[in-house]
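Residue-level structural notes
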Protein chains: 2
Amino acid sequence: MKEALIGIAGLGTVGKGTLDLLTANKVKIETGLDVSIKVKGLAEADQNKFKGLKSLEDCSLYSDAFELLDDPSINIAVELIGGETVAKSFVKQAVKKKKHVVTANKALLAKHGRELFELARENGVLIKYEASIGGGIPIVKALQEGLAANNITFVAGIINGTTNYILSEMEKRTLSFDSALNEAKELGYAELDPSLDIDGFDTAHKISLLASLAFKKYFVFENIFVRGIRGINLTDVEYAKKFGFRIKLMAFTRPVGKQFEITVEPTLIPSKILIAHVDGAMNAVSVSGDFVGHTLYYGQGAGAFPTASAVASDIMDIIRLSSHKTGNFETDTGQSVEKGSLMVGGGVIAREDIISGHYLRLKVCDEPDLSTKITSIFIEYNVKIERFFQESDSDGSISLVLLTGACALRNINQSLERLGQLKRLKEQPVVLRVETEA
Amino acid sequence: MKEALIGIAGLGTVGKGTLDLLTANKVKIETGLDVSIKVKGLAEADQNKFKGLKSLEDCSLYSDAFELLDDPSINIAVELIGGETVAKSFVKQAVKKKKHVVTANKALLAKHGRELFELARENGVLIKYEASIGGGIPIVKALQEGLAANNITFVAGIINGTTNYILSEMEKRTLSFDSALNEAKELGYAELDPSLDIDGFDTAHKISLLASLAFKKYFVFENIFVRGIRGINLTDVEYAKKFGFRIKLMAFTRPVGKQFEITVEPTLIPSKILIAHVDGAMNAVSVSGDFVGHTLYYGQGAGAFPTASAVASDIMDIIRLSSHKTGNFETDTGQSVEKGSLMVGGGVIAREDIISGHYLRLKVCDEPDLSTKITSIFIEYNVKIERFFQESDSDGSISLVLLTGACALRNINQSLERLGQLKRLKEQPVVLRVETEA
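Residues numbered from 1 in each chain as written. Chains lettered and ligands numbered in written order. Predicted model: local features only at pLDDT ≥ 70, side-chain atom pairs only at ≥ 80, totals over all residues. Heavy atoms only, no water.

Concerning helix H4 (residues 86-96) of chain B
All names here are of chain B.
- All buried positions along H4 are accounted for by Ala87, Lys88, Phe90, Val91, Ala94 and Val95. One side of H4 holds all its buried residues, which, seen down the axis, span an arc of 165 degrees.
- Buried residues along H4 sit in contact with strand E1 (2-9), helix H3 (65-69), strand E4 (76-79), strand E5 (100-103), helix H5 (106-123) and strand E6 (127-128).
- Looking one or two places after H4, you find lysine 98, whose phi comes out positive at around 60 degrees. (Buried < 20%, exposed > 50% of the residue type's maximum accessible area, 1.4 Å probe, protein only. Helix = DSSP H or I, 4+ residues; strand = E, 2+ residues; numbered from the N terminus. Arc of directions from axis to C-beta. Contact = heavy atoms within 4.5 Å.)

Brief notes about the relation of the copies chain B and chain A
- After a rotation of 180 degrees and a shift along the axis of 0.0 Å, chain B superposes on chain A with an RMSD of 0.0 Å. Classification of the inter-copy transformation places it as that of a two-fold axis. No C-alpha of chain B lies nearer the rotation axis than that of tyrosine 297 of chain B, which sits 2.4 Å from it.
- In this assembly the copies share their binding face: 100% of the residues contributing to the interface of chain B also contribute to that of chain A. (Least-squares fit on C-alpha atoms with pLDDT ≥ 70 in both.)

Regarding the packing of aromatic side chains
- Under the defined criterion, the tally for this structure stands at 19 aromatic pairs over all chains.
- Relative to phenylalanine 389 of chain A, the ring of phenylalanine 243 of chain A has its centre 6.4 Å away and its plane inclined at 85 degrees; by these criteria the two rings are edge-to-face. Of this pair, phenylalanine 243 of chain A sits in the loop between helix H11 (234-242) and strand E10 (245-256) while phenylalanine 389 of chain A sits in strand E16 (residues 385-392); the two residues are 146 residues apart in sequence, bridging distant segments of the chain.
- Looking at phenylalanine 389 of chain A, the relative accessible area reads 24%, which means it is partly exposed.
- Among the aromatic side chains, those forming a connected cluster through ring pairs are Phe215, Phe219 and Phe260 of chain A.
- If you follow arginine 254 of chain B out to its NZ or CZ, it ends over the ring of phenylalanine 252 of chain B, 5.9 Å from the centre. (Phe/Tyr/Trp six-rings, centres within 6.5 Å; stacked < 30°, edge-to-face > 60°. Lys NZ or Arg CZ within 6 Å of the ring centre and 35° of its normal.)

Describing the sheet that holds E1 of chain B
Residue and element names in this part refer to chain B.
- If you trace the six strands from one edge of the open sheet to the other, you get E3-E2-E1-E4-E5-E6, paired in parallel fashion. Single-partner strands in this sheet number two, and they are strand E3 (60-62) and E6.
- Sheet topology places E4 next to E5; four bridges connect them, and they run parallel. Counterpart to alanine 77 in the pairing with E5 is valine 101. (Pairing = 2+ DSSP bridges.)

Details of the pairing of strand E16 (residues 385-392) of chain B
Residues and elements named next belong to chain B.
- Here E16 pairs with strand E17 (residues 398-408) via seven bridges, running antiparallel. Paired with isoleucine 385 across the bridge in E17 is threonine 404.
- Between E16 and E17, which follow one another and run antiparallel, lie five residues, and glycine 396 among them has a positive phi close to 85 degrees.

Right, here's the structure in full:
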């Protein structure tokens, strides 16, 4: 029987989870593949993390991840170091030494994917990253293989558990953003510095990868529109509910003409559609294709074990895709799923040009014929008001909550600017996207 | 560039859809795989179906599917004939002629899978069947590859669009079963003879395949417990709703001790869980694994285009998994995903021994202390009544609706038998399974 020799760099939560999985389900994995698997090396800067590991036969422990790569017998290098500096050098070194790479590092691939995938292609090895999006949900595989015969027309996702937990709890238990965030921290869903999650960047890393998978193009990460949930007010969560919507931090990508939308922003979606029922820290990705229609993939988006499931499935894929004719897992580069150098850069449409419905909450002075006057200004800018709700505030002003028909954000912004010039707005208005399908 | 030469047998809805897809998305498929694909032969007994096909360059038309197999250049045979007789011979012939097979035929594989997969293994070819379960949803791939590192602990599915449409409409619009069925027929969801769908056998074929995929064992199709939705009464749909449940035709499979549950039956599931929101003709499969936790896959379960998406993805997989080193798509049998001969038969647990909650609707005579008397009989058989609702009927009798705690169906049956002996039941009771997770 042939042997797959694995090196794991980084023994944080996911690293330990992966080790647990490869130990617990070793026989199952080996039987399925008819290959023996062995963890040959572990690298971790923090030596304390080696304590308590079950003794691994013939497994070398390194404090320096690059030393692990010096073992020529290791044919699969698992990068779970995180970050973009050491991790990037590690992946590049591994690839140059003709080792296949498995990583869960979305930030790294979102920003440096082009360089890394092209390097992998030149060296005839694979970089697999199922674990980087949606935890154990096999969404990368669905896009690369299961739906490969389709032109992808739309991808929408709830792909950050922390923000989904916060928004779900705000709605369910009428909590303020701050209370829900504090709770998420206490439960360990949110980091002490939760910015990467809350401000949407983690979601942006993932939708960037999903866009590349869906459209076979590289995108410049900085071109992605990112808006997090820090500004979301319970008031808006409750108005949304009243209108039959829920607010979710949605990531979208789709072709728009010759460009592509890639956006991350809090969005009102109808509470009756399936993805609106994705609650708590769960993740889901909707994918539509020209033949398959609408599909959806759901599961735990994070955590040691679900992520380990994805890492291990990538390891199995490498073994499966590697030539069985040679003992050392050489791949035919023609089989490389990432046809790096064939992919070109894709243009990203400006956020202002994206067409959608909008939710607006405006604080205005009370006056006769208020709704007619406001509506007429929106009409000037081709914004159709579809639903209108007004409520008197304790300070004598009026809160107007509007749902618009589909139009570009540009038109909304122009309307609001005009309302500002007319001194009708007493506060900065709240503007949120509305999508009826996701 | 190498060429994949495809023969398609059967030009019904799915056959035509597949041809449409392979024509429309040819360039996309070829670019992704770096292989040229060509439909080399089409077989269809009904010659009228050849009319109106766009001229296929170098494509031979056959009235006899077996003649198509005589073309030695065809390396992938797509079986879309349906049924279990001609289709079975066709698949066997194709395999013996060392052609890979793609099929959408769940009945064939559920009943003859063992024979066919073992034959394929002996001949070093693949039989792929993504299209046979859940239309275009890549659920076979998820089980075979995406979740391959997990021990699967539970699979639950809504995998028949017709019955799901009927049950959804009964609830949404308070329709009787017959009205909803007639509507499904008019919309083309249900066949003129809808028995295969309505009586649960289509669902049973699919859960049988899912069980084999999940547990790597063959099961005798006749051992699967199958109950369709013909007996489902609007009254029970409405009582279920009142209790916070929806009735769905659920398929379940899971290990129970050394045996396996494989069942198909109408089941009450909580209306708040995700799969309860799978409405109309849509399908969904829940899969839980020891590491990945709970995942769910959703999409159109039938139709020409979604099914064609799955057929084409199987064709692409064969090309991907076939050795690129040879021109004619020989596979290394070691890569065969179906390790047929390594799989053994699995035992199926008797339905009466399966433990679940139950919904019971009993028609009884009115009498003092009714609830105490009835409850005490259930307690004798270790059945705990968790919720109790009673309503007077116009004929002076009482309708009792009960939800029980988890117990074996055997205990329920014994309790009801006892109630019958005591002459307390005025009608055959309604017994439905209740599952709180799916």
